[in-house]
Amino acid sequence: MVTGALPPYHAGAGVQAFYLSKSLSEKHYIKIDIITQRLGRDRIVEELNLKIKIFRIPVIAKRLIIRKIMFSIGICLKILISKKYDIVHFHDYGLLYLLPAFISKKIRKSSVIAKAASLGVELNNRYNNNKILKYAFLYSLKMPEKYICQTDEMYNNFRKIINKKKLILQLNGVDIDKFNPKKVIDLKLIKEKYNLPENKKIITFIGAVEPIKNVKKLIEAIGILRARHENDMLLLVVGPYSENLGNNNVDKKYYNLLNNYYIEIKKIITREHLDNFIKFIGPCSFVEEILAITDIFVMPSEIEGTCNVVLEAMACMKPVILSRIPAFDHFQDRYHCLKFDSKSELDLADKIEMILNDFELRINLANNGHNYIVQNYSIDSVANNYYQIYKNLLTNHD
C-alpha cells in the first residue's frame, strides 16, 4: 500500500489504506507493507497488527514540489530494494507516482492497482496548459492495470480518460467496530478533555478549514441561529486551520490559502459575535471520541470524493446534514440525512434548526443512516471485495 500519510494526517486515502490493510491482514492473512511519509509528528498506530510493516519516508522540505519528489524517490528505493511485491496498490494516484508505478510494473513485474480519486482534478486543473506534464500524466495512466472508483460520478468521469475495462466501482469502507454507537464511552469525560460545555448541543464539522469545504457557509448559518439558540448549541470545528498549523513543514501556497480563508472566517465570527458559539480544536487523532459527543454532524463541502467522516458519523448513529452535491447522491434526502443548497447559509440554518427542534426526525435520520452504512460500507465486506480484486489481478497478470 502506498499512501501520502496515515491517520490523522490524511483524512481520505490514508484512512482507507489504514483500515483496508488492517482488515485484509486479519481476515485474509495477507502480508502488507505500507509506504508513507514521515511528517515529523507521526503517532504510533496501535491498531495495526504485526502482519503489517510501516515504512515512513522522511519528507522535511518546505516546498511542496520538493516534498513530492523526495517521497516519490523514497517509494522507488523501497520498491527496488524490497523482495518483489505481488501487488503495489497506490492510493490517490497521480503524476507523483509515475516513476514508482513504472518501476513496479516494468522492472519488478508487480501488478499495479490505483485509486482514481484525484485524477480528474490533476488532468483538468494542473496540466492542460503544459504539454510535457500533460503527456507525462497521460503516460502515467497506462501503468495501473486496474483503477478503483469510489462513486458512480467518479466512474462515469474517468471513463472519458481511462479504458472502461480498467475501472472498478468499489465503495469505501468504515470500521464498524470502532465507530460503534453501542460502545461504552464516558461522554462527560470526553467533553472535559476538549473543554466543552455539558449542556449544549454539539454541531460538528470535521475537515480542513479551507474554501472547498465551505466552512464559511456553516459559520454564517450559526450566525443566523445565534439569537434563537443562544444557550443550547455550540459549533465544534475539528481539523487543520492556519492558526493551528503555523507554517512549519506546510506548503507556503497552501498555508496562505488556509490563512486567508481563516481570516475571512474570523471576521464573520467577530461581526456576528460568535466567539461563544464556535470552538476550533485543530486536527484530532480520535475521531470516534468527537463523534460520540456530537449531536448533529454537518459536511457543507462544495466538492467531495467519498467523504470518510460522513460514513463514520452515520455509523456512530448521528443525524447528518450534507450539501446537495453529486458525491452525496447515494444518500437519500430526508431519510438518511438532510441536504441543503451549498450556496445558501439560510437553507443550512433551516436544516440545523429542523434537527435541533424535532426529536423524532433526529432519531429517524440517525437510525436510517446507521443501518445504511452497516449494510453497505463495512470495512470487512469492502476488504472481501478487494481480496477478490487482488486475486483476479494476479490471475490475469501478464
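Structure's up top.
Residues numbered from 1 in each chain as written. Predicted model: local features only at pLDDT ≥ 70, side-chain atom pairs only at ≥ 80, totals over all residues. Heavy atoms only, no water.

**A look at unusual backbone geometry**
This is how it is decided: A run of H or I in DSSP counts as a helix once it spans at least four residues, and a run of E counts as a strand once it spans at least two, with each numbered from the N terminus.
A positive phi is found at Lys-109, a non-glycine position, where the angle reads about 60°. Inspection of the secondary structure puts Lys-109 in the loop between helix H3 (98–107) and strand E4 (111–115). A positive phi angle is found at Asn-195, which is not glycine, with a value near 55°.

**Brief notes about the nonpolar core**
Heads up, the condition is: To qualify as a nonpolar core, a set must consist of buried Ala, Val, Leu, Ile, Met, Phe, Trp, Tyr and Cys residues joined through side-chain atoms within 4.5 Å. Each residue's exposure class comes from its accessible area (1.4 Å probe, protein chains only) as a fraction of the maximum for that residue type: buried when under 20%, exposed when over 50%, partly exposed otherwise. Residue contacts are defined here by distance: any two heavy atoms, one from each residue, within 4.5 Å place the two residues in contact.
Judged by nonpolar contacts, the single largest core of 70 residues is most densely connected at Ile-278, Val-310, Phe-331, Ile-352 and Ile-373. In contact with Val-310, other than residues within four places in its own chain, are Phe-297, Met-299, Val-320, Leu-322, Phe-328 and Phe-331. Counting residues in hydrophobic clusters, the runner-up holds 30 residues, among them Phe-71, Tyr-85, Phe-90 and Leu-98.

**Thoughts on the environment of Val-238**
Of note, Val-238 is situated in strand E8 (residues 233–238). For the pair formed by Val-238 and Gly-282, sequence separation is 44 residues and the distance between their alpha carbons is 5.2 Å. Once residues within four sequence positions are removed from consideration, Val-238 is found in contact with Thr-204, Phe-205, Ile-206, Gly-207, Ile-281, Gly-282, Cys-284 and Ile-290.

**Observations concerning the pairing of strand E1 (residues 32–38)**
Put simply, the rule is: Two strands qualify as a pair provided that DSSP identifies no fewer than 2 bridges between them.
The buried count for E1 comes to 6 of 7 residues, which makes it a mostly enclosed element. The pairing of E1 with strand E2 (residues 52–58) spans 7 bridges and is parallel. For Ile-35, the partnering residue across the bridge sits in E2 and is Phe-55.

**Topic: the sheet that holds strand E9 (residues 278–282)**
Let me state the cut-off plainly: Here, axes are lines fitted to C-alpha atoms. For helices the fit covers the stretch in contact, and angles between N-to-C directions go from 0 to 180 degrees.
Taken together, 6 strands build an open sheet; the order of strands is E9-E8-E7-E10-E11-E12 and the sheet is parallel. Edge positions in the sheet fall to E9 and strand E12 (338–340), since each of these pairs with one other strand and no more. Each adjacent strand pair in this sheet contributes to an overall mean axis angle of 25°, direction not counted. Looking at chain direction, strand E7 (residues 201–206) and strand E10 (residues 296–299) are connected through 2 bridges and run parallel. Bridge assignment links Thr-204 to a residue of E10, and that residue is Phe-297. Contacting E7, E8, E9 and E10, helix H8 (residues 215–225) runs over the sheet at an angle of about 170° to E8.

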